[in-house]
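An overview of the molecular structure
Below are the chains, spelled out letter by letter.
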Amino acid sequence: MPGFAFGELNNLPSFADLIDDETAAIFVETIQGESGVNPCTPEFLLGLRRLCDQHNLLLLADEVQCGIGRTGKFYAFEHAGVRPDAIAMAKGLGGGFPIGAIWVAEGAAELFQPGSHGTTFGGTPLACAAALAVLDVIEREKLLAHVSAQGVRWLAELNQVAQAFPQHIAAVRGRGFLVGVQLTADPAPLLADLRERGLLVVPSGNQVLRFLPPLVATAAELDQATVILRAALAAKG
Ligand SMILES: Cc1ncc(COP(=O)(O)O)c(C=O)c1O
């Protein structure tokens, strides 16, 4: 990606070393979804904020996958108590309807002028109405509290499954309803078996099963997912 230099996740010095006179911003995904559900530690995020303040850089957060309630806070970076200068959002914002949005803090917002950030379908009233309906449901049905409570319980259950099958599971990572189960082998056969048993899971990163239940998933549905995973792992031996 031209113009970007890459530091190592959760390695603050690797970012500090990359900063020079040309550096404008640090861009970070709070919990990396596609690379295998890899969370930034709170210390790392706070450290990035400090680096940005010291060097007069913008801290940009990609909350496209981990935002909009998925981790039990509206934005995943809130768990660390960090405030970025700009936030990218999409996916859950439309509840299935395509929409993307960016929030920019006062002080940086004037970097955008009318027309400087356009897209063909940007700002359509239909997509915005869908997003407003999603925000209403999140608030009305108290989905942040639901995801927080159920996420903690579910992660504990998945960790029990990991303990029961150490030959198949190396680690369980994530928060709320964004969970990665690090396998010890190629996930493809297990994914196919889970699908046969009625559980849809997506692969991610290096041998990781990624669970992304809808925010309205009930305790019983999450339990059913755990039961199916257990049964599929038991069948593997
Ligand atoms: C964290 C994150 N950011 C950005 C994107 C890219 O979004 P788009 O497909 O709209 O370019 C994705 C897509 O999976 C994503 O997971």
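The coordinates are above.
Predicted model only: the values in this text are computed from it and were never measured. Note that residues are indexed from 1 along each chain, following the sequence as it is written. Selection of residues for local features in this predicted model requires a pLDDT of at least 70, selection of side-chain atom pairs for listing and counting requires 80 or more, and totals for whole chains, interfaces and linings are taken over all residues. Each side-chain value is worked out from all heavy atoms of the structure, with water and hydrogens disregarded.

A few points about the overall build of the protein
Of regular secondary structure, the protein possesses six helices and 10 strands. Radius of gyration here uses only the C-alpha atoms, and the compact-globule reference equals 2.2 Å multiplied by the residue count raised to the power 0.38. Its C-alpha atoms give the protein a radius of gyration of 19 Å, within 12% of the compact-globule value 18 Å for 237 residues. With the C-alpha coordinates of the protein rotated into their principal frame, the extents come out at 55 × 45 × 30 Å. Each residue is placed in one exposure class: buried if its accessible area under a 1.4 Å probe, protein chains only, is under 20% of its type's maximum, exposed if it is over 50%, and partly exposed if it falls in between. Put simply, the protein has 237 residues, and 40% of those count as buried. Once local pairs closer than 6 in sequence are excluded, the contacts in the protein between residues at least 24 apart make up 64%. Residue burial considers only the protein chains on display, and all accessible areas are found by Shrake-Rupley using a 1.4 Å probe. Carbon together with sulfur atoms contributes 57% to the accessible area of the protein, which is approximately 12800 Å² in total. Numbered from the N terminus, helices here are DSSP runs of H or I no shorter than four residues, and strands are runs of E no shorter than two. In this description, contact between two residues means that some pair of their heavy atoms is separated by no more than 4.5 Å.

Things to note about unusual backbone geometry
A positive phi angle, close to 55°, is found at Ile 68, a residue other than glycine. For Gln 207, which is not glycine, the phi torsion reads 60° and is therefore positive. Structurally, Gln 207 can be placed in the loop between β9 (202–204) and β10 (208–211). Residue Gln 207 is classed as partly exposed on the basis of its relative accessible area, which comes to 27%.

Describing the sheet that holds strand β6 (residues 101–104)
Note on sheets: strands pair through backbone hydrogen bonds, and any given pair is parallel or antiparallel. In this description, strands pair whenever DSSP reports at least two bridges between them. On the basis of which strands lie adjacent, the open sheet formed by four strands has the order β1-β4-β5-β6 and mixed pairing. Each edge of the sheet is formed by a strand with only one pairing partner; in this case those strands are β1 (25–29) and β6. For this sheet, the mean angle separating the axes of adjacent strands, direction not counted, is 15°. In this sheet, β6 lies alongside strand β5 (residues 86–89) in antiparallel orientation, the contact comprising four bridges. Between N-to-C directions, angles cover 0 to 180 degrees, with each direction set by a line fitted to C-alpha atoms, over the stretch in contact for helices.

Some words on the packing of aromatic side chains
In this description, a pair of aromatic rings is defined by centroid distance and the angle of the planes. Only Phe, Tyr and Trp rings are paired, with Trp represented by its six-membered ring, and only when their centres lie within 6.5 Å; those with planes under 30 degrees apart are stacked, over 60 edge-to-face, the remainder tilted. Taken as a whole and judged by the stated rule, the model has six aromatic pairs. Ring centres of Phe 4 and Phe 27 lie 6.2 Å apart, and the angle between their planes is 50°; this geometry places the pair in the tilted category. Linking Phe 4 in the segment before α1 (12–16) with Phe 27 in strand β1, this pair joins segments that are 23 residues apart in sequence. Ring geometry for Phe 15 against Phe 44: centres 5.4 Å apart, planes inclined by 70°, an arrangement best described as edge-to-face. A residue pair is termed long-range when its members are at least 10 positions apart, and Phe 15 in helix α1 and Phe 44 in helix α2 (residues 42–55) qualify at 29 residues.

Focus: the environment of Asn 10
With respect to the helices and strands, Asn 10 occurs in the segment before α1. Counting along the chain gives 64 residues from Asn 10 to Phe 74, while the straight-line C-alpha distance between them is 22 Å. Separated by 3.1 Å, the side chain of Asn 10 and the backbone oxygen of Pro 39 make a polar contact. Polar contacts, as used here, are pairs of N or O atoms within 3.5 Å; protein pairs need one atom able to donate a hydrogen and one able to accept it. Residues neighboring in sequence count only if both atoms are side-chain atoms. Polar contacts involving the side chain of Asn 10 include one to the main-chain amide nitrogen of Thr 41, which spans 2.8 Å.

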